[in-house]
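Chain by chain, the residues run as shown.
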Amino acid sequence: MNSMILFSAGNKIQSVINLLPSGKLQQCQRSTSLSVRSFHKAYLERVTVIGGGHMGSGIAQISAAAGNFVTVADVNENALSKSRQRMEQRLVRFSKKLLKDDAEKIHKQVETVLSKIQFTTDIKNAVKQCDLVVEAIPEDIELKHKLFETIDKVAHEATIFVTNTSSIPVHELAQALSSKRKEQFAGTHFFEPVTVKLLEVVRIPETREEVFHKVMEWGRFIGKVPVVCKDSPGFIVNRLNIPYLINAVSMFERGDASYQDIDVAMKLGAGYPYGPFELADYVGLDVIYMILIGWERRFADVERFKCPNTIKEMYKQGRFGKKCGQGFYSY
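Bear in mind the structure is a predicted one, so any value in this text is a computation, not a measurement.

## Brief notes about the overall build of the chain
At step 1: Each helix and strand in the chain was counted, giving 15 helices and eight strands.
At step 2: Residues classed as buried in the chain amount to 50% of the 331 residues present.
At step 3: Taking as baseline every contact in the chain between residues at least 6 positions apart, the subset at least 24 positions apart corresponds to 69%.
At step 4: As displayed, the chain offers around 16100 Å² of accessible surface, 53% of which is attributable to carbon and sulfur atoms.

## Some thoughts on the packing of aromatic side chains
At step 1: Taken as a whole, this structure holds 15 aromatic pairs when the rule is applied.
At step 2: Aromatic pair Phe148 and Phe161: ring centres 6.2 Å apart, planes at 25°, arrangement stacked. Taken together, the residues Phe148 in helix α7 (residues 141-152) and Phe161 in strand β5 (residues 160-163) connect sequence positions 13 residues apart.
At step 3: Note on Phe148: relative accessible area 0%, which makes it buried.
At step 4: Phe161 gets classed as buried once you look at its relative accessible area, which sits at 0%.
At step 5: Relative to Phe185, the ring of Phe148 lies with its centre 5.4 Å away and its plane at 80°, an arrangement referred to as edge-to-face. Highlighted residues: Phe148 in helix α7 and Phe185 in strand β6 (residues 185-189), separated in sequence by 37 residues. You'll find Phe148 and Phe185 in the same group, each marked buried.
At step 6: Site record: aromatic cluster; members linked through ring pairs are Phe252, Tyr259, Phe277, Phe328 and Tyr329.

## Considerations on the environment of Thr121
At step 1: Here Thr121 is to be found in the loop between β3 (117-120) and α6 (123-126).
At step 2: Filtering out sequence-adjacent residues up to four positions away, Thr121 remains in contact with Asp74, Val75, Asn76, Glu77 and Leu80.

## Notes on helix α13 (residues 276-283)
At step 1: Listed in full, the buried residues belonging to α13 are Pro276, Phe277, Ala280 and Asp281. The buried residues of α13 all sit within an arc of 140° when viewed along its axis, so they share a single face.
At step 2: Where α13 is buried, its residues touch α11 (237-254), α12 (259-270) and α14 (285-298).
At step 3: Just downstream of α13, Gly284 is the residue with a positive phi angle, here 115°.

## Here's the deal with unusual backbone geometry
At step 1: Across the junction of Glu192 and Pro193, the peptide omega takes the value 5°, indicating a cis bond.
At step 2: Secondary-structure assignment places Pro193 in the loop between β6 and β7 (198-203).
At step 3: Although it is not a glycine, Phe235 adopts a positive phi angle of roughly 60°.
At step 4: Here Phe235 is to be found in the loop between β8 (225-229) and α11.

## Description of the sheet that holds strand β4 (residues 132-135)
The strands that make up a sheet are held in pairs by hydrogen bonds between backbone atoms, and each pair lies either parallel or antiparallel.
At step 1: With mixed pairing, eight strands are arranged side by side in an open sheet as β3-β2-β1-β4-β5-β6-β7-β8. Strands with a single pairing partner mark the edges of an open sheet, and in this sheet they are β3 and β8. Averaged over all pairs of adjacent strands, the angle between strand axes in this sheet comes to 25°, irrespective of strand direction.
At step 2: Taken together, the four bridges between strand β2 (residues 69-73) and β3 define a ladder with parallel strand orientation. Bridge assignment links Val70 to a residue of β3, and that residue is Ile117.

## Describing the nonpolar core
At step 1: By size, the foremost hydrophobic cluster in this structure holds 37 residues, and its most contacted members are Val49, Leu132, Val134 and Trp218.
At step 2: The contact partners of Trp218, leaving out residues within four places of it in the chain, are Leu44, Val47, Ile59, Ser63, Asn68, Leu132, Val134 and Phe190.
At step 3: Ranked by size, the runner-up nonpolar core spans 25 residues in total, among them Ala126, Phe148, Ile204 and Phe235.

## Looking at the confidence of the model for the chain
At step 1: When pLDDT is averaged along the chain, the result is 88, and 87% of the positions lie at 70 or above.
At step 2: Confidence drops under a pLDDT of 50 for residues 1-41, and excluding neighbours within four residues, the segment shows 64 contacts in the predicted structure.

## Examining helix α3 (residues 54-66)
At step 1: For α3, built from 13 residues, the straight-helix expectation of 18 Å at 1.5 Å per residue is met to within 8% by its first-to-last C-alpha distance of 19 Å.
At step 2: With eleven of 13 residues buried, α3 is to be regarded as a mostly interior element.
At step 3: Within the span of α3, buried status applies to Gly56, Ser57, Gly58, Ile59, Ala60, Gln61, Ile62, Ser63, Ala64, Ala65 and Ala66.
At step 4: In the segment just after α3, Gly67 is the residue with positive phi, at about 125°.

Rules behind the numbers
- Residues numbered from 1 in each chain as written.
- Predicted model: local features only at pLDDT ≥ 70, side-chain atom pairs only at ≥ 80, totals over all residues.
- Heavy atoms only, no water.
- Helix = DSSP H or I, 4+ residues; strand = E, 2+ residues; numbered from the N terminus.
- Buried < 20%, exposed > 50% of the residue type's maximum accessible area, 1.4 Å probe, protein only.
- Contact = heavy atoms within 4.5 Å.
- Areas by Shrake-Rupley, 256 points an atom, 1.4 Å probe, with all protein chains shown as cover.
- Phe/Tyr/Trp six-rings, centres within 6.5 Å; stacked < 30°, edge-to-face > 60°.
- Arc of directions from axis to C-beta.
- Pairing = 2+ DSSP bridges.
- Axes fitted to C-alpha atoms, helices over the stretch in contact; angles between N-to-C directions.
- Core = buried A, V, L, I, M, F, W, Y, C linked by side-chain atoms within 4.5 Å.
- pLDDT = per-residue confidence, 0-100.
- Expected span 1.5 Å × (residues − 1).

Okay, here's the thing in structure tokens:
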């Protein structure tokens, strides 16, 4: 795709960028995944992320690091404070890997990225002047519908909306939007941790071609590798990973093997970087529970989509995994 879509027409290095082969262009884009890219601006420049949790704060962080002007909106100041704290901790950790122990440079790097981010509890106002709204609130369709109905009425008609849902069909979420906004709507499934390069992009029948390409280019701009998938349960990764996890939990429940040995077997025998139980702890048992409950409602007769009792009990006990210090493992 022509690299012109990524850069402002008046940029002095435009002609140089256009001469780069696509591989070199992608290398150039990704080489600055931490520092703010001051040499060009995004086609979608002003981004509002609604929901400052683990995923929302990660999306805001990488967007700001890429050069976007970002607003994080959430329901209260406490949530926003935690969001900023998560970003700062991650940025310090990433900066230390690049800059070793140079405290001054690390501080400057962190502050440079954070200076591109604003925080607000005024969600309506946050969507009025942005090019892109990224919804990153919990996997609750009624909650998402209520949010979309609210912001659709106040956002500019040209503003693109995307949802970071990991399991709810994108077309179902679009039901809360006006017919005009549906043309400006898509799904963008990000992954935890924020360093994962993959971005699943989902379009609905109403999504305009121009909007779809803008979302794909924005994904590349922030350092992701976007892949296109149909609006099907779990998209690509979760459609494969969740049934895999269910099978692993079923083996554990039957007493076929301990969860520790299942993890070791899949890492050493299948070459996976994480075992299924380690991965579940990292993703969050609450997230997995919500995905499976949603699938059970939509596909009641599909056995491989049913939530195991172990997951249900852990959800009730608040054992969500690494994020809260206790899942299958202790942290």
